[in-house]
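A closer look at the structure
Chain by chain, the residues run as shown.
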Amino acid sequence: MGKTVLIVEDEKNIVDILRFNLEREGYRTLDAYDGDTGLQLALEHDPDLILLDLMLPKKNGFDVCRAIRTAGRATPIIMLTAREEESDKVLGLDLGADDYITKPFSMRELLARVKANIRRSDMTPVPAPAAGTKIGRGRIVIDTGLLIAYKDGIALDLTQREYELLRFLVSNPDRVFSRESLMEHVWNYESYVGDVRAVDVAIRRLREKVEDDPPSPRFIVTRRGQGYFFHA
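The following paragraphs examine the structure supplied in this document. This structure is a prediction, so every number in the text was calculated from the model and none was measured. (Residues numbered from 1 in each chain as written. Predicted model: local features only at pLDDT ≥ 70, side-chain atom pairs only at ≥ 80, totals over all residues. Heavy atoms only, no water.)

It is worth spelling out helix H2 (residues 35-45) at this point. Within H2 the residues assigned to the buried category are Gly35, Gly38, Leu39, Leu41 and Ala42. Relative to the axis of H2, the buried residues are bounded by an arc of 165° and lie together on one face. Its buried side turned inward, H2 meets strand S1 (4-8), strand S2 (28-32), strand S3 (49-53) and helix H3 (61-70). For H2, the capping residue at the N-terminal end is Asp34, with a side-chain oxygen 3.1 Å from the backbone nitrogen of Asp36. Of the residues flanking the end of H2, it is Asp46, one or two places downstream, whose phi is positive at about 45°. (Buried < 20%, exposed > 50% of the residue type's maximum accessible area, 1.4 Å probe, protein only. Helix = DSSP H or I, 4+ residues; strand = E, 2+ residues; numbered from the N terminus. Arc of directions from axis to C-beta. Contact = heavy atoms within 4.5 Å. Polar contact = N/O pair within 3.5 Å; in protein donor to acceptor, adjacent residues only side chain to side chain.)

Strand order in the open sheet made by the four strands is S6-S7-S8-S9, with antiparallel pairing throughout. If you trace the sheet from one side to the other, it starts and ends with strand S6 (134-137) and strand S9 (154-155), each paired once. The pairing of strand S7 (residues 140-143) with strand S8 (residues 148-151) spans four bridges and is classified as antiparallel. Residue pairing across strands places Val141 opposite Tyr150, the latter belonging to S8. Where helix H6 (residues 160-171) meets the sheet, it contacts S6, S7 and S8, and its direction lies at approximately 115° from that of S7. (Pairing = 2+ DSSP bridges. Axes fitted to C-alpha atoms, helices over the stretch in contact; angles between N-to-C directions.)

Pairing between the strands of a sheet comes from backbone hydrogen bonds, and it takes one of two forms, parallel or antiparallel. Ordered by their spatial adjacency, five strands build an open sheet running S2-S1-S3-S4-S5, and the pairing between neighbours is parallel. The open sheet has two free edges, formed respectively by S2 and strand S5 (99-102), since each of these has just one partner strand. Pairs of neighbouring strands in the sheet enclose a mean axial angle of 20°, with direction left out of account. Where strand S4 (residues 77-81) lies against S5, four bridges are found, and the strand directions are parallel. Note on S5: the bridge partner recorded for Ile78 is Asp99. Contacting S1, S2 and S3, H2 runs over the sheet at an angle of about 145° to S2.

All right, on to the environment of Ala67 then. Tracing the backbone through its elements, the reader meets Ala67 in helix H3. Residue classification places Ala67 among the partly exposed positions, given a relative accessible area of 25%. A C-alpha to C-alpha distance of 9.3 Å links Ala67 and Leu95, two positions 28 residues apart in sequence.

Next up on the list: the nonpolar core. If you look at the biggest cluster of nonpolar residues, it comprises 52 residues, and the most contacted ones within it are Leu52, Met79, Leu165, Leu166, Leu169, Leu182 and Trp187. Examining the composition of this core, we find that seven residues originate from one element, helix H8 (residues 197-210), more than from any other. (Core = buried A, V, L, I, M, F, W, Y, C linked by side-chain atoms within 4.5 Å.)

Most of the time, phi is negative for any residue but glycine, and the peptide bond is trans. That bond from Lys103 to Pro104 is cis: its omega, -10°, falls within 30 degrees of zero. Its identity as a non-glycine residue notwithstanding, Asp152 has a phi of 55°, on the positive side. Position of Asp152 relative to the elements: it lies in the loop between S8 and S9. Taking relative accessible area as the criterion, Asp152 reaches 45% and is therefore assigned partly exposed. Non-glycine residue Asp174 carries a positive phi angle of around 60°. By the secondary structure assignment, Asp174 is in the loop between H6 and helix H7 (179-185). For Asp174, a relative accessible area of 44% puts it in the partly exposed group.

In short, geometric facts, not functional conclusions.
Here it is as structure tokens:
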């Protein structure tokens, strides 16, 4: 059975184009033209991915995203926005969206992101009932069996993406990764070329949970002009 993509978008012509291309790729689709209906379908049908417009009637995309995450759903969410304001993109990612794409968008790029996010979600293992291999780097320890990261022996409250990002960096200590490289390794976007702001937001959010002093990070360090690395 094909994966299901929920399209929450108030412009019918965009919904029609998205539905046509997604179904041609083998996906099943659900449609919603306002935020209230989109949230209802997201919670009732538990789709494999949600394409979520920001500017919607009744309930905007930010509120829909917040409500989905508050309900404990980890469904991948890609926000669709015609707005160029950086603050909108950052807010969407802060509320739990996995990615965003700005209109007008390339259908090829959108389909690639849909595929990558669903594949990443499918690859996420179910937490084991017992501890697994532990990766220790000083005060930070990753239990890959329980999918839990610890700092000073205390479990960190991380989202799935934050856990995956920290695990990857901790597994490759003192090795600098560009934003594009992190998009490929953690976000699973092959040969990624495009907006990498999602990496910066994820790094900032992760630092807030890991660092003693987030403005002056000691674990997740920036190498100016090159990228990020975990200082062992």
